[in-house]
Amino acid sequence: MNVQPDHIHLVCSIAPKLSVSEFMGILKGKTAIMMFKSYPTLRKKPYWGNHFWSRGYFVSTVGVDEERIKKYVKYQESEERKEDGTADLQLF
């Protein structure tokens, strides 16, 4: 997993009996509940509309290149910083 200010990259494996949309619904639902319980002030922000995640998502299946994809996800942030010249900045 790699967390960016405006999106998250996640490599995961799901059971064949579970559809991608079901998995995303569970993942987004459970994490939203967790975040709102941990940080109740998030619900008070009017621009959130009581939603933690946006409606959409992007999914791609991984086959032979799984290790390559995992490496991309792991190092994406540092590569983006190199490209935009902010390699020395620390985000917290």
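Before going into details, it helps to say that this report is about the structure given with it. (Residues numbered from 1 in each chain as written. Predicted model: local features only at pLDDT ≥ 70, side-chain atom pairs only at ≥ 80, totals over all residues. Heavy atoms only, no water.)

1. Focus: the environment of Leu18
Tracing the sequence through the fold places Leu18 in the loop between β2 (8-9) and α1 (20-38). Setting aside residues no more than four positions away along its own chain, Leu18 makes contact with Phe23 and Ile26. (Helix = DSSP H or I, 4+ residues; strand = E, 2+ residues; numbered from the N terminus. Contact = heavy atoms within 4.5 Å.)

2. Description of α1
With 19 residues, α1 ought to run about 27 Å at 1.5 Å a step, and its terminal C-alpha atoms sit 27 Å apart, in line with that. Of all the residues in α1, the buried ones are Phe23, Met24, Lys28, Ala32 and Phe36. (Expected span 1.5 Å × (residues − 1). Buried < 20%, exposed > 50% of the residue type's maximum accessible area, 1.4 Å probe, protein only.)

3. Examining the packing of aromatic side chains
One pass over the structure, following the stated rule, counts 2 aromatic pairs. Centre to centre, the rings of Phe36 and Phe52 are 6.1 Å apart; their planes meet at 85°, and the pair counts as edge-to-face. Within this pair, whereas Phe36 is found in helix α1, its partner Phe52 is found in the loop between α1 and α2 (66-84), the two being separated by 16 residues in sequence. Judged by relative accessible area, which is 8%, Phe36 ranks as buried. Between the aromatic rings of Phe52 and Trp53, the centroid separation amounts to 5.0 Å while the plane-to-plane angle is 90°, which identifies the pairing as edge-to-face. Ring pairing ties together the aromatic residues Phe36, Phe52 and Trp53, which thus form one cluster. (Phe/Tyr/Trp six-rings, centres within 6.5 Å; stacked < 30°, edge-to-face > 60°.)

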